[in-house]
Amino acid sequence: MRAVYAESINPDDPLAGLVVGERPDPSPPEGWTRVAVRAGSLNHHDLWTLRGVGIKAEQLPMILGCDAAGVDESTGEDVVVHAVINSPGWEGDDTIDPGRTLLSEKHQGSLAEYVIVPKRNVLPKPAEFSFAEAACLSTAWLTAYRMLFVKSGLRPGQSVLVQGATGGVATACITMARAAGFRVYATARSEAKQAKALELGAHEAFASGARLPEKVDAVMETVGEATYAHSARSLRPGGRIVISGATSGANPPADLNRFFFLQLELVGSTMGTKGELRDLIAFLRATGLRPHIDRVLPMESAAEGLAAMASGDLVGKIVLEF
Ligand SMILES: NC(=O)c1ccc[n+]([C@@H]2O[C@H](COP(=O)([O-])OP(=O)(O)OC[C@H]3O[C@@H](n4cnc5c(N)ncnc54)[C@H](OP(=O)(O)O)[C@@H]3O)[C@@H](O)[C@H]2O)c1
């Protein structure tokens, strides 16, 4: 089958190890199923893999990709793939299983003509979602859903700052936060991106690091080092940073005085459970919201999509079609 995979690791030039080529057709073990992938979306996770973060050279070649929508060959149903693979027999919150992995970490990823997953890792794709839209849900949008509605403690009417407005997770945060009735502030690195944030639903958008008109109840943080100090400065006493990523670096200044004196909270968040993915899909159906897709590319153009992601030249999700 054709697949988008990492053949080697290169921390400085991630695309150097990228190959679009042939990999063996997978066959599902007992309890697993094979999905014929129609669309998969790119995530920053794919760049981390190519850089060697979360993977060792001896695991290569590794097919990239966490997200997919396609046809479940064991049922013939159109499905969305849930990317969190749990240890056999795990019960409880999928995301805190110590043995959990995401597709493309231990098991081969979703950016291929076929992906195999445990049977419990597929959900029906609603007919009103295109395969491309459905392929955006199980990483970026699910992560945003858990950050906003499970981890933030926000109630409708409260205020939220979304840092780095135009990324996959951030665009999902802005879109859903607006629909949920939060007051939404966003930051982005350019005026053009700030304008996009307003189009996506932010009430106001600012340059990275700018002073906001008010202190906010919560911050959705995926940028890390470059924005973290501003996140802490932007919170009201008792406010909360929910963090799921550190694209610009993971060693920000801690500013601990501010944390205890203002009783701030820093809460980690990763992906989401299968139940949360089901709820996300129901939320999008109820509101009519859909993921913002920057572009749809044929799988053979994976390098173009990953290069755009590496340089920050995107708004929302990049989808590969198979
Ligand atoms: N924990 C989890 O389960 C989970 C799930 C999904 C993603 N993540 C992580 O979250 C991060 C975002 O993922 P993604 O897929 O949304 O990535 P993406 O689509 O590539 O978006 C990148 C984002 O980073 C921002 N950014 C990068 N460098 C910056 C800098 N120096 N200053 C300010 N902003 C900067 C961009 O903001 P602008 O709008 O200003 O360009 C943009 O929002 C990644 O690190 C990813 O690994 C974690």
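Analysis parameters
- Residues numbered from 1 in each chain as written.
- Predicted model: local features only at pLDDT ≥ 70, side-chain atom pairs only at ≥ 80, totals over all residues.
- Heavy atoms only, no water.
- Pairing = 2+ DSSP bridges.
- Helix = DSSP H or I, 4+ residues; strand = E, 2+ residues; numbered from the N terminus.
- Buried < 20%, exposed > 50% of the residue type's maximum accessible area, 1.4 Å probe, protein only.
- Arc of directions from axis to C-beta.
- Contact = heavy atoms within 4.5 Å.
- Domains from an automatic or database assignment.
- Buried area = accessible area lost by both parts, 1.4 Å probe.
- Salt bridge = Lys/Arg side-chain N within 4 Å of Asp/Glu carboxyl O.
- Polar contact = N/O pair within 3.5 Å; in protein donor to acceptor, adjacent residues only side chain to side chain.
- Nonpolar A, V, L, I, M, F, W, Y, C, P; charged D, E, K, R; others polar.

**Student:** Mind showing me how you'd approach the sheet that holds strand S2 (residues 18–22) here?
**Tutor:** The strands that make up a sheet are held in pairs by hydrogen bonds between backbone atoms, and each pair lies either parallel or antiparallel. On the basis of which strands lie adjacent, the open sheet formed by three strands has the order S2-S1-S4 and antiparallel pairing. At either margin of the open sheet sits one strand with a lone partner, and together these are S2 and strand S4 (62–63). Note that strand S1 (residues 2–6) and S4 share two bridges and pair antiparallel. Residue Tyr5 lies in a different strand from S4, and its bridge partner there is Ile63.

**Student:** Hey, could you run me through helix H5 (residues 191–200) in this one?
**Tutor:** Helical geometry note: an α-helix holds 3.6 residues per turn, so side chains three or four residues apart project in the same direction. Looking at H5, one finds that the buried residues are Lys193, Gln194, Ala197 and Leu200. With its buried residues spanning 115 degrees around the axis, H5 presents them on a single face. Along H5, exposed side chains directed more than 90 degrees from the buried face belong to Glu191, Ala192 and Glu199. Where H5 is buried, its residues touch helix H4 (168–179), strand S12 (183–188) and strand S13 (204–207). One or two positions beyond H5, positive phi appears at Gly201, with a value near 130 degrees.

**Student:** Would you mind showing me how to read the domain arrangement of the protein here?
**Tutor:** It is common to give the size of an interface as the accessible area lost on bringing the parts into contact. Domain annotation of the protein identifies domain 1 (2–136 + 291–321) and domain 2 (140–268). With 15 residues of domain 1 in contact, the opposing surface of domain 2 contributes 14 residues. For the pairing of domain 1 and domain 2, the buried interface totals around 1000 Å² over both sides, and the portion due to carbon and sulfur atoms is 60%. Remark: the boundary between domain 1 and domain 2 carries one salt bridge. For Arg146, the salt bridge is made with Asp93, and the minimal N-O distance between the two is 3.0 Å. Summed over the shared surface of domain 1 and domain 2, the result is four residue pairs in polar contact (both at pLDDT 80 or more). Here the residues of the side of domain 1 that touches domain 2 are counted per class, giving five nonpolar, seven polar and three charged.

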